[in-house]
Amino acid sequence: MKHKITTCISSNNNLEYLKLAVKSIRQNAHYNDMPIIIYAENCTDGTNEWLAENADELGIEYYIENDGDRENQRGIGGGIDLCVSKVKTEFVNI
């Protein structure tokens, strides 16, 4: 395995922050080519479309959930749990 660490991000309607976070990882992290896993829940700000359009170029694995049922929402913690469950590296950066 090439990488030892994966970054996990849980997101809800914070597209501009998400763009900055991914850009910062790719430009500034010691392992700037590390895997990034993003969970986007109920986003209405263009996050889903941005992920679909840019995932391959930026090396992002992503999961989108658009279930409007508040009782079944994961929230930030549940989103991180989902991301971590998909990690294939030894270490995780949250």
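Here is what the cut-offs are and how they apply
Residues numbered from 1 in each chain as written. Predicted model: local features only at pLDDT ≥ 70, side-chain atom pairs only at ≥ 80, totals over all residues. Heavy atoms only, no water. Helix = DSSP H or I, 4+ residues; strand = E, 2+ residues; numbered from the N terminus. Buried < 20%, exposed > 50% of the residue type's maximum accessible area, 1.4 Å probe, protein only. Contact = heavy atoms within 4.5 Å. Areas by Shrake-Rupley, 256 points an atom, 1.4 Å probe, with all protein chains shown as cover. Lys, Arg positive; Asp, Glu negative; His and termini not counted. Charge placed at Lys NZ, Arg CZ, Asp CG, Glu CD. pLDDT = per-residue confidence, 0-100. Expected span 1.5 Å × (residues − 1). Core = buried A, V, L, I, M, F, W, Y, C linked by side-chain atoms within 4.5 Å. Disulfide = S-S within 2.5 Å. Pairing = 2+ DSSP bridges. Axes fitted to C-alpha atoms, helices over the stretch in contact; angles between N-to-C directions.

Describing the overall build of the chain
Of regular secondary structure, the chain possesses three helices and four strands. The secondary structure elements of the chain, listed N-terminal to C-terminal, are β-α-β-α-β-α-β. Residues classed as buried in the chain amount to 38% of the 94 residues present. Sequence-distant contacts in the chain: of pairs separated by 6 or more residues, those separated by 24 or more amount to 71%. On the chain, roughly 5900 Å² of surface is accessible, and the fraction owed to carbon and sulfur atoms is 48%. A distance of 8 Å separates the average location of the 9 positive side-chain charges in the chain from that of its 15 negative side-chain charges.

A word on the confidence of the model for the chain
Within the chain, residue pLDDT values average 91, and 93% of them lie at 70 or more. Looking at the elements of the chain, mean pLDDT is at its lowest for helix α3 (residues 75–86), recorded as 88, and at its highest for helix α2 (residues 47–58), recorded as 97.

With respect to the environment of isoleucine 9
Within the secondary structure layout, isoleucine 9 lies in strand β1 (residues 5–11). Look at isoleucine 9 and you get buried, because its relative accessible area is 11%. Along the primary structure isoleucine 9 and serine 24 are separated by 15 residues, whereas in three dimensions their C-alpha atoms are 13 Å apart.

Details of α3
Taking 1.5 Å per residue as the helical rise, α3 with its twelve residues ought to reach 16 Å, and the 17 Å between its terminal C-alpha atoms agrees with that figure. Of the residues making up α3, those classed as buried are Gly78, Gly79, Ile80, Leu82 and Cys83. On its buried face, α3 sits against β1, β2 (36–41) and β3 (60–65).

What about the nonpolar core?
Core analysis: the biggest nonpolar cluster contains 15 residues, and Ile9, Ile38, Trp50, Leu51 and Ile60 have the highest contact counts within it. Elements supplying a minimum of two residues to this core: α1 (15–28), β2 and α2. Element by element, the count of residues in this core is highest for α1, at five residues. The residues touching tryptophan 50, leaving out its near neighbours within four places in the chain, are Leu15, Leu18, Lys19, Val22, Leu58 and Ile60.

Structural notes on the state of the cysteines
Taken as a whole and judged by the stated rule, the model has zero disulfides. Left unpaired, cysteine 83 is separated from the closest cysteine sulfur, that of cysteine 8, by 4.9 Å.

Comments concerning the sheet that holds β1
Strands in a sheet are paired, the pairing made by backbone hydrogen bonds, and the direction either parallel or antiparallel. Pairing within the open sheet is parallel, and its four strands lie in the order β3-β2-β1-β4. Here the strands that pair on one side only, and so sit at the sheet edges, are β3 and β4 (91–93). Recorded for the sheet is a direction-independent mean angle of 20 degrees between the axes of neighbouring strands. Bridge count between β1 and β4: three bridges; the pairing is parallel.

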